[in-house]
Amino acid sequence: MAQVFAYLVHNDGVLDDSAMELVVAAKAVGDDVTAIVTGSGIDAVADDAAKIFPKVIKIDDAGLAYPNAEVVRKALINVIPAGSVVLFTNNTFAMDCAPGLSIKMDAAYVSDIISLEVDGTTLKTVRQEFGGEVNTHVNVDASNGAVIALRPGTFAADESKSAGGSVEAAAAGDISAKRTFIEIVEPEAGDVDITKADLLVSIGRGIEDEDNIEIAHELAEALGAGAEVSCSRPIVDAKWLEPSRQVGTSGCTVKPKVYMACGISGSFQHLGGIKGGFMIAINKNENAPIFQVADVGIVADILEFLPELTEAVNDL
(Lines give C-alpha, C1' and ligand atoms only; values in the text may rest on other atoms or scores of the structure.)
Protein backbone atom coordinates (compact mmCIF):
# COMPACT_ATOMS: atom_id res chain seq x y z
CA MET A 1 0.00 0.00 0.00
CA ALA A 2 1.11 3.58 -0.69
CA GLN A 3 2.13 6.19 1.86
CA VAL A 4 -0.54 6.95 4.45
CA PHE A 5 -1.14 10.46 5.78
CA ALA A 6 -3.44 11.49 8.63
CA TYR A 7 -4.67 15.06 9.00
CA LEU A 8 -4.83 15.95 12.70
CA VAL A 9 -7.27 18.41 14.26
CA HIS A 10 -6.33 20.72 17.14
CA ASN A 11 -7.98 23.56 19.01
CA ASP A 12 -6.47 26.25 21.24
CA GLY A 13 -3.11 24.50 21.12
CA VAL A 14 -4.52 21.12 22.16
CA LEU A 15 -4.38 18.11 19.86
CA ASP A 16 -7.77 16.45 19.42
CA ASP A 17 -8.17 12.95 20.85
CA SER A 18 -9.21 11.70 17.41
CA ALA A 19 -5.47 11.57 16.56
CA MET A 20 -5.20 8.44 18.69
CA GLU A 21 -7.90 6.79 16.57
CA LEU A 22 -6.42 7.91 13.25
CA VAL A 23 -3.04 6.33 14.01
CA VAL A 24 -4.70 2.94 14.52
CA ALA A 25 -6.58 3.21 11.22
CA ALA A 26 -3.49 4.50 9.40
CA LYS A 27 -1.32 1.59 10.56
CA ALA A 28 -4.04 -0.81 9.41
CA VAL A 29 -3.69 0.64 5.91
CA GLY A 30 0.11 0.67 5.60
CA ASP A 31 3.49 0.81 7.35
CA ASP A 32 4.60 4.21 6.04
CA VAL A 33 2.47 6.48 8.22
CA THR A 34 2.79 10.26 8.59
CA ALA A 35 0.67 12.81 10.43
CA ILE A 36 0.11 16.32 9.09
CA VAL A 37 -0.55 19.30 11.37
CA THR A 38 -1.39 22.75 9.99
CA GLY A 39 -1.80 26.08 11.76
CA SER A 40 0.15 29.01 13.16
CA GLY A 41 2.49 28.65 16.14
CA ILE A 42 1.94 24.91 16.36
CA ASP A 43 5.27 23.62 17.69
CA ALA A 44 3.67 22.16 20.84
CA VAL A 45 0.86 20.54 18.84
CA ALA A 46 3.37 18.96 16.44
CA ASP A 47 5.44 17.66 19.38
CA ASP A 48 2.31 16.09 20.88
CA ALA A 49 1.52 14.50 17.52
CA ALA A 50 5.02 12.98 17.45
CA LYS A 51 4.14 11.09 20.64
CA ILE A 52 1.44 9.29 18.64
CA PHE A 53 2.83 9.08 15.07
CA PRO A 54 6.28 7.95 13.90
CA LYS A 55 6.54 10.94 11.54
CA VAL A 56 4.88 14.36 11.61
CA ILE A 57 4.84 17.08 8.95
CA LYS A 58 4.28 20.54 10.42
CA ILE A 59 2.96 23.27 8.11
CA ASP A 60 3.22 26.44 10.18
CA ASP A 61 1.99 29.62 8.50
CA ALA A 62 0.08 32.69 9.68
CA GLY A 63 -2.40 32.11 6.86
CA LEU A 64 -3.35 28.78 8.45
CA ALA A 65 -4.22 30.21 11.87
CA TYR A 66 -7.87 29.40 11.22
CA PRO A 67 -8.61 26.00 9.59
CA ASN A 68 -10.08 27.35 6.35
CA ALA A 69 -10.53 24.24 4.19
CA GLU A 70 -9.78 26.17 1.00
CA VAL A 71 -6.27 27.14 2.13
CA VAL A 72 -5.54 23.93 4.07
CA ARG A 73 -6.36 21.93 0.93
CA LYS A 74 -3.74 23.92 -1.02
CA ALA A 75 -1.15 23.34 1.71
CA LEU A 76 -1.84 19.60 1.75
CA ILE A 77 -1.45 19.30 -2.01
CA ASN A 78 2.04 20.78 -1.64
CA VAL A 79 3.25 17.98 0.68
CA ILE A 80 1.21 14.86 -0.15
CA PRO A 81 2.62 12.76 -3.02
CA ALA A 82 0.33 11.46 -5.75
CA GLY A 83 -1.09 8.02 -5.04
CA SER A 84 -1.15 8.46 -1.26
CA VAL A 85 -3.95 7.48 1.12
CA VAL A 86 -5.14 10.41 3.27
CA LEU A 87 -7.22 9.93 6.41
CA PHE A 88 -9.42 12.52 8.10
CA THR A 89 -11.69 12.40 11.12
CA ASN A 90 -15.20 12.81 9.70
CA ASN A 91 -16.22 16.21 11.06
CA THR A 92 -17.48 19.46 9.57
CA PHE A 93 -13.96 20.48 8.52
CA ALA A 94 -13.37 17.16 6.75
CA MET A 95 -16.68 17.49 4.90
CA ASP A 96 -15.41 20.84 3.60
CA CYS A 97 -11.82 19.86 2.86
CA ALA A 98 -11.67 16.17 1.91
CA PRO A 99 -13.90 15.99 -1.22
CA GLY A 100 -12.00 18.78 -2.96
CA LEU A 101 -8.68 17.26 -1.93
CA SER A 102 -9.65 13.96 -3.56
CA ILE A 103 -10.43 15.80 -6.79
CA LYS A 104 -7.08 17.61 -6.74
CA MET A 105 -5.34 14.27 -6.10
CA ASP A 106 -7.48 12.46 -8.72
CA ALA A 107 -8.17 9.91 -6.00
CA ALA A 108 -11.19 8.04 -4.65
CA TYR A 109 -13.19 9.51 -1.76
CA VAL A 110 -15.35 7.86 0.90
CA SER A 111 -16.81 9.63 3.92
CA ASP A 112 -18.06 8.63 7.36
CA ILE A 113 -16.72 5.08 7.34
CA ILE A 114 -17.02 2.81 10.37
CA SER A 115 -14.76 -0.03 9.21
CA LEU A 116 -11.59 -0.28 7.12
CA GLU A 117 -9.67 -3.29 5.81
CA VAL A 118 -6.92 -3.66 3.20
CA ASP A 119 -6.84 -6.25 0.41
CA GLY A 120 -3.89 -5.51 -1.86
CA THR A 121 -4.57 -2.10 -3.39
CA THR A 122 -8.25 -2.28 -2.42
CA LEU A 123 -9.61 -0.59 0.69
CA LYS A 124 -12.70 -2.37 1.96
CA THR A 125 -14.79 0.19 3.81
CA VAL A 126 -18.18 0.17 5.49
CA ARG A 127 -20.37 3.24 5.90
CA GLN A 128 -23.91 3.64 7.17
CA GLU A 129 -26.99 4.91 5.36
CA PHE A 130 -30.50 5.92 6.42
CA GLY A 131 -29.55 6.90 9.96
CA GLY A 132 -27.60 3.70 10.56
CA GLU A 133 -30.34 1.34 9.40
CA VAL A 134 -28.24 0.03 6.49
CA ASN A 135 -24.53 -0.79 6.20
CA THR A 136 -23.03 -0.09 2.78
CA HIS A 137 -19.84 -1.94 1.79
CA VAL A 138 -17.69 0.22 -0.47
CA ASN A 139 -14.56 -1.25 -2.07
CA VAL A 140 -12.10 1.46 -3.06
CA ASP A 141 -9.38 1.03 -5.67
CA ALA A 142 -6.56 2.90 -3.96
CA SER A 143 -3.97 2.31 -6.68
CA ASN A 144 -4.19 6.03 -7.53
CA GLY A 145 -4.64 7.05 -3.91
CA ALA A 146 -7.68 7.64 -1.73
CA VAL A 147 -9.13 10.17 0.70
CA ILE A 148 -11.06 8.55 3.54
CA ALA A 149 -12.98 10.18 6.40
CA LEU A 150 -13.45 8.01 9.52
CA ARG A 151 -16.37 8.37 11.89
CA PRO A 152 -15.04 9.42 15.31
CA GLY A 153 -15.38 6.89 18.09
CA THR A 154 -15.50 3.81 15.85
CA PHE A 155 -11.80 2.92 15.92
CA ALA A 156 -10.11 1.90 19.17
CA ALA A 157 -7.72 4.64 20.29
CA ASP A 158 -4.02 4.03 20.91
CA GLU A 159 -3.40 6.06 24.06
CA SER A 160 0.16 4.87 24.69
CA LYS A 161 1.73 8.10 23.29
CA SER A 162 5.06 6.31 23.02
CA ALA A 163 5.83 6.73 19.32
CA GLY A 164 8.82 9.02 19.76
CA GLY A 165 8.30 10.33 16.26
CA SER A 166 10.15 13.01 14.34
CA VAL A 167 8.82 16.41 13.23
CA GLU A 168 9.59 17.86 9.81
CA ALA A 169 8.66 21.40 8.80
CA ALA A 170 7.17 22.02 5.36
CA ALA A 171 6.24 25.22 3.52
CA ALA A 172 2.59 26.03 2.94
CA GLY A 173 3.19 27.41 -0.55
CA ASP A 174 0.53 29.51 -2.25
CA ILE A 175 -2.46 29.53 0.10
CA SER A 176 -4.36 32.47 -1.34
CA ALA A 177 -8.13 32.06 -0.97
CA LYS A 178 -11.39 33.48 -2.26
CA ARG A 179 -13.10 33.23 1.12
CA THR A 180 -11.96 34.95 4.28
CA PHE A 181 -12.27 33.99 7.93
CA ILE A 182 -14.11 36.71 9.88
CA GLU A 183 -14.59 35.63 13.48
CA ILE A 184 -15.53 32.84 15.88
CA VAL A 185 -18.78 33.42 17.77
CA GLU A 186 -18.72 31.62 21.10
CA PRO A 187 -22.04 30.18 22.33
CA GLU A 188 -23.73 31.81 25.28
CA ALA A 189 -23.02 30.26 28.66
CA GLY A 190 -25.79 28.04 29.97
CA ASP A 191 -27.04 27.11 33.41
CA VAL A 192 -24.69 24.09 33.59
CA ASP A 193 -21.30 23.19 32.14
CA ILE A 194 -21.68 19.66 30.85
CA THR A 195 -17.98 19.55 29.91
CA LYS A 196 -17.16 19.34 33.63
CA ALA A 197 -19.64 16.55 34.44
CA ASP A 198 -18.35 13.11 35.46
CA LEU A 199 -21.59 11.43 34.41
CA LEU A 200 -24.02 12.50 31.69
CA VAL A 201 -27.57 11.27 31.19
CA SER A 202 -27.95 12.27 27.55
CA ILE A 203 -31.31 12.15 25.79
CA GLY A 204 -32.31 12.05 22.14
CA ARG A 205 -35.42 11.63 20.02
CA GLY A 206 -36.42 8.62 22.09
CA ILE A 207 -37.59 10.94 24.87
CA GLU A 208 -40.52 11.73 22.52
CA ASP A 209 -42.00 14.69 24.44
CA GLU A 210 -40.71 17.69 26.40
CA ASP A 211 -42.65 16.60 29.49
CA ASN A 212 -40.70 13.33 29.53
CA ILE A 213 -37.36 15.08 30.06
CA GLU A 214 -38.11 15.12 33.77
CA ILE A 215 -37.33 11.38 33.98
CA ALA A 216 -33.77 12.11 32.82
CA HIS A 217 -33.39 14.85 35.45
CA GLU A 218 -34.71 12.46 38.12
CA LEU A 219 -32.13 9.84 37.15
CA ALA A 220 -29.30 12.40 37.17
CA GLU A 221 -30.40 13.58 40.62
CA ALA A 222 -30.50 10.00 41.91
CA LEU A 223 -26.99 9.37 40.59
CA GLY A 224 -25.71 12.24 42.72
CA ALA A 225 -23.22 15.08 42.43
CA GLY A 226 -21.34 15.22 39.16
CA ALA A 227 -24.28 13.93 37.09
CA GLU A 228 -26.00 16.23 34.59
CA VAL A 229 -28.55 15.96 31.79
CA SER A 230 -27.31 16.54 28.24
CA CYS A 231 -28.87 15.92 24.84
CA SER A 232 -28.48 15.47 21.10
CA ARG A 233 -29.24 18.22 18.59
CA PRO A 234 -32.93 17.41 17.90
CA ILE A 235 -33.76 18.20 21.53
CA VAL A 236 -32.15 21.65 21.23
CA ASP A 237 -33.76 22.25 17.84
CA ALA A 238 -37.13 21.56 19.45
CA LYS A 239 -36.18 24.10 22.18
CA TRP A 240 -36.75 21.52 24.90
CA LEU A 241 -33.26 22.12 26.37
CA GLU A 242 -30.81 24.99 25.99
CA PRO A 243 -27.89 24.77 23.52
CA SER A 244 -25.36 24.58 26.37
CA ARG A 245 -26.58 21.02 27.05
CA GLN A 246 -26.03 19.76 23.48
CA VAL A 247 -23.31 17.19 22.84
CA GLY A 248 -21.82 16.94 19.36
CA THR A 249 -19.82 18.66 16.65
CA SER A 250 -22.24 21.60 16.68
CA GLY A 251 -22.51 21.55 20.48
CA CYS A 252 -20.15 20.74 23.35
CA THR A 253 -17.29 18.25 23.40
CA VAL A 254 -17.44 16.16 26.57
CA LYS A 255 -15.28 13.55 28.25
CA PRO A 256 -17.22 12.20 31.24
CA LYS A 257 -16.32 9.08 33.15
CA VAL A 258 -19.71 7.60 32.18
CA TYR A 259 -21.91 8.63 29.25
CA MET A 260 -25.48 7.31 29.15
CA ALA A 261 -26.93 7.66 25.64
CA CYS A 262 -30.69 7.40 26.12
CA GLY A 263 -32.81 7.16 22.98
CA ILE A 264 -29.94 8.45 20.83
CA SER A 265 -29.34 6.75 17.47
CA GLY A 266 -25.63 7.60 17.25
CA SER A 267 -24.99 9.94 14.32
CA PHE A 268 -21.37 10.88 13.66
CA GLN A 269 -22.18 14.50 14.51
CA HIS A 270 -23.20 13.43 18.01
CA LEU A 271 -20.39 10.91 18.53
CA GLY A 272 -17.88 13.54 17.43
CA GLY A 273 -18.56 15.41 20.68
CA ILE A 274 -17.79 12.44 22.95
CA LYS A 275 -14.11 11.95 23.78
CA GLY A 276 -13.64 8.82 25.83
CA GLY A 277 -15.39 7.54 28.92
CA PHE A 278 -17.54 4.45 29.50
CA MET A 279 -20.62 4.54 27.25
CA ILE A 280 -23.96 2.94 28.13
CA ALA A 281 -26.49 3.01 25.29
CA ILE A 282 -30.21 2.50 25.86
CA ASN A 283 -32.38 2.31 22.75
CA LYS A 284 -35.47 0.35 21.75
CA ASN A 285 -34.06 -0.10 18.22
CA GLU A 286 -31.68 -3.04 18.46
CA ASN A 287 -30.04 -1.96 15.20
CA ALA A 288 -29.27 1.59 16.34
CA PRO A 289 -25.67 2.48 15.32
CA ILE A 290 -24.94 3.73 18.86
CA PHE A 291 -24.67 0.08 19.92
CA GLN A 292 -21.60 -0.36 17.68
CA VAL A 293 -19.56 2.06 19.79
CA ALA A 294 -21.11 1.56 23.23
CA ASP A 295 -19.38 -0.42 25.99
CA VAL A 296 -22.77 -1.65 27.22
CA GLY A 297 -25.93 -1.77 25.14
CA ILE A 298 -29.46 -2.14 26.53
CA VAL A 299 -32.41 -2.71 24.20
CA ALA A 300 -35.28 -1.00 26.00
CA ASP A 301 -37.74 1.87 25.79
CA ILE A 302 -36.16 4.69 27.81
CA LEU A 303 -39.60 5.92 28.90
CA GLU A 304 -40.00 2.66 30.81
CA PHE A 305 -36.37 1.87 31.61
CA LEU A 306 -35.16 5.19 33.07
CA PRO A 307 -37.82 5.41 35.82
CA GLU A 308 -37.08 1.80 36.80
CA LEU A 309 -33.35 2.54 36.89
CA THR A 310 -33.96 5.65 38.99
CA GLU A 311 -35.99 3.64 41.47
CA ALA A 312 -33.27 0.97 41.65
CA VAL A 313 -30.57 3.60 42.27
CA ASN A 314 -32.65 5.25 45.00
CA ASP A 315 -33.06 1.87 46.70
CA LEU A 316 -29.29 1.33 46.99
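For the structure, see preceding data.
The present account deals with the structure reproduced in this document. Keep in mind that what you see is a predicted model, and the values were worked out from it rather than measured. (Residues numbered from 1 in each chain as written. Predicted model: local features only at pLDDT ≥ 70, side-chain atom pairs only at ≥ 80, totals over all residues. Heavy atoms only, no water.)

Quick look at the overall build of the chain
Working step 1: Within the chain, the regular secondary structure consists of 8 helices and 16 strands.
Working step 2: A globule of 316 residues ought to have a C-alpha radius of gyration of about 20 Å, and the chain, at 21 Å, matches this closely.
Working step 3: Considering only C-alpha atoms, the chain reaches an extent of 60 × 40 × 40 Å along its principal axes.
Working step 4: Evaluated residue by residue, the chain yields a buried proportion of 47% over its 316 residues.
Working step 5: Carbon and sulfur atoms form 48% of the exposed surface of the chain, whose accessible area is close to 15100 Å².
Working step 6: For the chain, the centre of its 22 positive side-chain charges and the centre of its 47 negative side-chain charges are spaced 8 Å apart. (Helix = DSSP H or I, 4+ residues; strand = E, 2+ residues; numbered from the N terminus. Rg over C-alpha atoms; globule rule 2.2 N^0.38 Å. Buried < 20%, exposed > 50% of the residue type's maximum accessible area, 1.4 Å probe, protein only. Areas by Shrake-Rupley, 256 points an atom, 1.4 Å probe, with all protein chains shown as cover. Lys, Arg positive; Asp, Glu negative; His and termini not counted. Charge placed at Lys NZ, Arg CZ, Asp CG, Glu CD.)

Some thoughts on the side chain of S111
Working step 1: Turning to its location among the elements, S111 is positioned in strand β7 (residues 108-119).
Working step 2: In this structure S111 comes out as buried when scored by relative accessible area, which is 18%.
Working step 3: Ignoring any residue separated from it by four or fewer positions in sequence, one finds S111 in contact with N90, R127 and A149. (Contact = heavy atoms within 4.5 Å.)

Focus on the pattern of salt bridges
Oppositely charged side chains can pair when the atoms bearing their charge come close.
Working step 1: Within the structure shown, the criterion is met by 13 salt bridges.
Working step 2: Here K255 and D17 are joined by a salt bridge, their closest N and O atoms 3.4 Å apart. In this pair, K255 sits in the loop between α6 (233-237) and β14 (258-262) while D17 sits in the loop between β3 (14-15) and α1 (19-29), placing the two residues 238 residues apart along the sequence.
Working step 3: In this structure, D48 engages K51 in a salt bridge whose closest nitrogen and oxygen atoms are separated by 3.4 Å.
Working step 4: Classification of K51 as partly exposed rests on a relative accessible area of 41%.
Working step 5: Ionic contacts of the salt-bridge type, sharing partners, join the residues E70, D96 and R179 into one network. (Salt bridge = Lys/Arg side-chain N within 4 Å of Asp/Glu carboxyl O.)

So, unusual backbone geometry
Working step 1: Phi is positive for K161, which is not a glycine, with a value near 50°.
Working step 2: Along the chain, K161 falls in the loop between β10 (146-150) and β11 (166-169).
Working step 3: Positive phi values are uncommon outside glycine, yet K239 reaches one of about 65°.

Overview of the packing of aromatic side chains
Working step 1: Throughout the structure, instances matching the rule amount to 3 aromatic pairs.
Working step 2: Where Y7 meets F93, the ring centres are 5.3 Å apart and the plane angle is 20°; that geometry is what we call stacked. In this pair, Y7 is assigned in strand β1 (residues 4-7) and F93 in helix α4 (residues 92-105), connecting sequence segments 86 residues apart.
Working step 3: Accessibility expressed as a relative area gives 5% for Y7, which makes it buried.
Working step 4: Here F93 falls in the buried class, since its relative accessible area comes to 13%.
Working step 5: Judged by centre distance (4.0 Å) and plane angle (15°), the rings of Y66 and F181 are stacked. Here the residue Y66 occupies a position in the loop between β5 (55-60) and α3 (69-79), and F181 occupies one in the loop between β11 and β12 (199-203), the gap between them amounting to 115 residues.
Working step 6: With a relative accessible area of 38%, F181 lands in the partly exposed category.
Working step 7: Three or more aromatic residues link up through ring pairs in this structure, and these residues are Y7, F88 and F93. (Phe/Tyr/Trp six-rings, centres within 6.5 Å; stacked < 30°, edge-to-face > 60°.)

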